[in-house]
Every structure is written in C-alpha cells, then in structure tokens.
Amino acid sequence: MSLVHLISANTRMEFIELKRYLPNTIAMFLTFYIIFLAMFFGINVIGDPQHAETNIQYGIVNMVFWFLTMMTLSNIGFTITLEATRGTLEQLYMSPYGVWRILLARFIGYLMINSVIVVLLLAATMLTANQWLNLQPHIVIPLLFLTIIGIIGIGFMIAGMTVIFKQMSAFLQILQFILMGLAFVPLSIAPFLVLAPFVKGFDMVREVMIHGFTWSHFTAADLSILIVNSLVYLIIGVLVYLKCEKVAMTKGLIGNY
Amino acid sequence: MEQKRVVQVNGLSKLYQKRKTKEIVKAIEGVTFDVYEGEILGLLGPNGAGKTTTIKCMCGLLKPDEGSVQIKGTNVEKSRLKALNHISAVLEGNRNLYWRLTVRENLEYFAGNRGARRKDVQTRIDHLLDQFNLKHKENELVSSLSRGMQQKLAIAVALLANTEVILLDEPTLGIDVETGYEIRELLKEIVKKENKTIIISSHDMPVVQDLCERTVIINHGKVITNEKVDNLIDLFETKAYCLSLGEELNEKQLQQIETHFPIYEYSNQKLEVTLENDGDIYYLMDILKSASTIIEKIDRTTIDFEQVFMNLISREENEYVVSSSN
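Residues numbered from 1 in each chain as written. Chains lettered and ligands numbered in written order. Predicted model: local features only at pLDDT ≥ 70, side-chain atom pairs only at ≥ 80, totals over all residues. Heavy atoms only, no water.

As named in an unreviewed UniProt entry, chain B is Daunorubicin resistance protein DrrA family ABC transporter ATP-binding protein, taken from Alkalibacillus haloalkaliphilus. UniProt, in its Sequence similarities (unreviewed entry) section for chain B, records the words "Belongs to the ABC transporter superfamily." (UniProt positions renumbered as here; feature names shortened; annotations may be inferred.)

Going by the annotation in an unreviewed UniProt entry, the name recorded for chain A is ABC-2 type transporter transmembrane domain-containing protein, with Alkalibacillus haloalkaliphilus given as the source organism. Under the heading Subcellular location (unreviewed entry), UniProt records this for chain A: "Membrane".

Shown next, in the form of structure tokens:
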C-alpha cells in the first residue's frame, strides 16, 4: 500500500513541476510537434508518392514511440542530475523505501502524465496528417504497458550511471539517436534487434496501428518474447542501478555534483 | 537511571582517493561515540575535520572502510533502509527543499516518499506549520521565502518523518539572529516534549553552548573530545587568567610566553593566558619576575564555548604538528 502512496506523491510532484515550468513544458511539446511536421512534409516531398500514406502512418507511429522513450529516458538522467544540483538527492536517499522505489514511482508517474500527452500529440498528429491509425486501445494499451517495463529497465541503467557520473547530457544526446534507430527500424529488416530493449513491443504495436493486426495475429512466442525481453531489461536495470548506488556510496559520490 | 543509547558510532574509518593526484586521504579514523535518548549532541570540528564524513556514514550515504553505526540497534550499513525508519536529517539546509513547490507541497511530497498517505498527514502538517510559524506561508513557493523560513521548513520536513533521531547539519547557517533564536527554542521544545534525540553539526558556538548538553569534537579525522559542554567550560575557566600589568612586556618575555603558552593574547599591558598544567602559573610568574614586571591585577577570565573550542583545536593542532614532524 505504501508503494501506492509513493507513486501518488511522485505523480503529483511530476504534474506540479510540469505546471510550474509551463513555458518549458510547452516548448518541449512544440519541439516534438515541429519535428513531426518536418518529417511529415519531408515524406510528402521526397518520399515515393505511391507509398506516401503508409510512410506517413509509419512516420507518425515511430515519432510517437521515439517521443515516449526519449522523454522518459532523458527525464530520468535529467532528474538525478537536477536533484543532485538542487541538493535534494541526499534527502531522497533518506527515504526508508530506497531511491530505486522512488525512481520507479517517478517513472510510473511520468509515464502516466506523458501517456496522456502522447495521446493528445497523436490526435494532433493524425489530424494534421489526415491519416487515421488503427488505435485499438484494447490491444495497444496492454502491448505498450509490457513494452514500457523494458523502457523503465533502461531508465534504471541511465539513473545508475548518472548517480556516479552526474553529467550525462552528452551521453543522452547520443542516446536519442540510438533510440531513434531502435524506434524506427522494423524487426523484418533487422531481426537481431529482437534482443534489444522495447523493439519487439514497438514492432507489435506498429503492426496493430498500421496493418490492423489483432490478438489472433500474434503467436504465443511473440508475446513470450515481449514479456521476457521487458522483464529481463527491468531486472538488469534495477540490478545495475543498485550496483551503481553501492559504488557511489563507497566512493562518497551520493549528492556530490 | 541509566540512559538509553540510541546511536552507537563505533570505530568509523574512511579513506578517500583524490581524483587527480590519486593521493590517499584519511577522512576519519576510529571515530567512536554514543548518543543517548532525549539528548542534543553537538558534533563539532573545523572545516575538513571529518564531520560531514561522519554524518554521511551515520545516514548510510557513505560506506565506511571500517567500523559501524547502529541506530536503535539497527546496523546502518547492513540494513540501511530499516535504519532510516529511525533517523531523519537536514543535510543541505534550505537546499534540501523543492523551491518550485509550495511549503505544504514540500511537506506532502516528503511524507509521501516515506510511504504516508497524503490525507493521513494533513493533521501533522498543520501542527508543524503552526509550531514553526509557517501557516501563513503554506501556499507560497519555497523560492519566495526568506532563508530563515526555508531553514525552518527543512527542519519541519525532517520532523514530519517522526523518527527518534534527527540529524541537523548547520541548522542556523546564514540566518538572522531572531530566526536562529526561534529555531533553538523550537529544538529545545521538541526534545523536551517529544523526547527526540538531536545531533547537531554546527560552527555556531553560541548555538552549541545554548542547545547541546554534550559535544563530540573532531579534528584531523579523530575524536579529540567527547565531553559535556559545562564540564569543558569549567575545565578551561579554571585555567584562563587575565593579568593587568604595570608596564609593557619586553620581547624576550613575549617570546617565552609564546613558546610555553600556545593560547594567549597580549595588548595594552593586558595578558590573557590559558594555563595547561598546574605548575604553569609559577613559570608565568618567573617570566614576569625576570624583568621585574609589576602585576596590578589577576582575574580569572570567564570563558565561552567558542574559546573552549578554539583552545581544544589549537592544542590538538600543536600535538598534530609535533606528531607529524616526528
């Protein structure tokens, strides 16, 4: 039950911060919207006109995935750096629930708020492009939920590294291009990416939204791979974070910026 | 009645390696002391003495190389999260707060991070806001508060956790005299009414003298004193003298005094000196007699805790220099 209160406190905190830094928040969404528009018109101008519709749908879905992963992961690195700079990180470490649970609560809170924003962004995107995707929430939501578990795992790895190295902005900039690759490349082109985090999940959601797949189109193996992949990344992520925390505590790096 | 031990710091040692030079630095060595229930303990020392390292080890933010810390019987290193149920802290003063959140939002957020339901802590928050005279500011952003108010809020956040032990690092740093007094009175009240144990690290000696029953003084990473404040003042008071002289001291006399009495002050024919051994008074008389210096008056000086602290530190510094050169 306490974890629920932890999530509630952190979701509220994320929402308040988004509200208090409103110009920043608006600028962030505008940036992504402008990136999408550039992508949309780019496809229209330089793409094959015969496949323009599919390409645009593909572009919209990928852009939304990229936005979701990038915002979540960069937020995690940024949160740790910001907390260390502000002087609040040490205070978070005074919680008997451990910082990894607080971070988990923050991820969940952040993802909940971001999901609402993503839905709005997606609606705006579809409206602008006049391309309507197969949303099928009863399939997309569970698939995205499973995919997000893997994203959280990667988030923990980034958080762990940030606790030790603090300045991760350069790494996060490189990461956004890696994420772009993972979010954009379909498994049919690079099957080995099935081992990478969240690629399988995004691929499945893409199939639903663009090609109208339903549950019956997926095999038990597809779902098993998605579940195992996400859980493995989550477990590795938490273990990496706890190890980094231990190193930081031995070297006296907690809170030092 | 035997006092109940709530914190046991036992033989803490920590080495650091400097990043650039790779030189090994001993931050603390064999730091040992206990803290008892309902006590306000002062943890003192000059900058770089090892206070922060000790404090961080006590909160489990730093793993010691040797030794252990037990809070209410729980080993901090082995069961850190369990131990944190018994200790809360203000480590960075007003920087421990979220400046873009209001006073009440800060209290609610930190309570939530300790697993409390927002609805359940409202009464306690109201009580703390009243106690710390922050009720009229509850909906204001922390960034708009004065430093003193921010400091009071940081302490209120620590108290909200309702732990038996509260660790306050520099609770009166950078705040005005009035707020400093208010905080002191609040802390006294909290200890008296709620039987909390408070550990204060501070450079503000009047605050320590007013609040703390006992002090642990650390220098060069080692505990040099673990004694009641009153005892320390008594000890030094009996050995501090002020002599009014009939004429100026000559250079030779001053040199002799400087060599033999490390803690002294001389100006306008007034000599204030701290004697370390019983026989020192006779030696001082000999120095004065050597140039037939007239002594007009001898007073025992009243000493405050700041002077006691300086005496202890400079005495230890001298020993440290001697032992280092050997």
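Let's pick the thread back up.
J.: Describe the domain arrangement of chain B, naming the residues involved and giving the relevant values.
T.: Residues and elements named next belong to chain B. For chain B, the assigned domains read domain 1 (5-86 + 163-229), domain 2 (98-153) and domain 3 (238-325). A straight line from the C-alpha centre of domain 1 to that of domain 3 covers 33 Å. Of the roughly 1,100 Å² buried at the junction of domain 1 and domain 3 (both faces included), carbon and sulfur atoms supply 75%. Between the two partners, domain 1 and domain 3, sit 0 salt bridges. The tally of links from domain 1 across to domain 3 stands at 0 residue pairs in polar contact (both at pLDDT 80 or more). Among the elements of the structure, α7 (205-211), β9 (214-219) and β10 (222-228) are those that each provide at least two residues to the side of domain 1 that touches domain 3. For the side of domain 1 that touches domain 3, the element with the highest residue contribution is α7, accounting for 4 residues. Among the residues forming the side of domain 1 that touches domain 3, the class breakdown is 8 nonpolar, 6 polar and no charged. (Domains from an automatic or database assignment. Buried area = accessible area lost by both parts, 1.4 Å probe. Salt bridge = Lys/Arg side-chain N within 4 Å of Asp/Glu carboxyl O. Polar contact = N/O pair within 3.5 Å; in protein donor to acceptor, adjacent residues only side chain to side chain. Helix = DSSP H or I, 4+ residues; strand = E, 2+ residues; numbered from the N terminus. Nonpolar A, V, L, I, M, F, W, Y, C, P; charged D, E, K, R; others polar.)

J.: Run through the interface of chain B and chain A, naming residues and quoting values.
T.: Each partner contributes to the interface: chain B provides 38 residues, whereas chain A provides 37 residues. Here chain B and chain A share 3 salt bridges between them. Salt-bridge contacts for E108 of chain B lead to R12 of chain A; the nearest nitrogen and oxygen are separated by 3.0 Å. For the interface between chain B and chain A, the tally reads 19 residue pairs in polar contact (both at pLDDT 80 or more). Of all the secondary-structure elements, those providing two or more residues to the side of chain B that touches chain A are β1 (5-17), α1 (51-59), α2 (80-83), β6 (87-90) and α3 (103-113) of chain B. (Contact = heavy atoms within 4.5 Å.)

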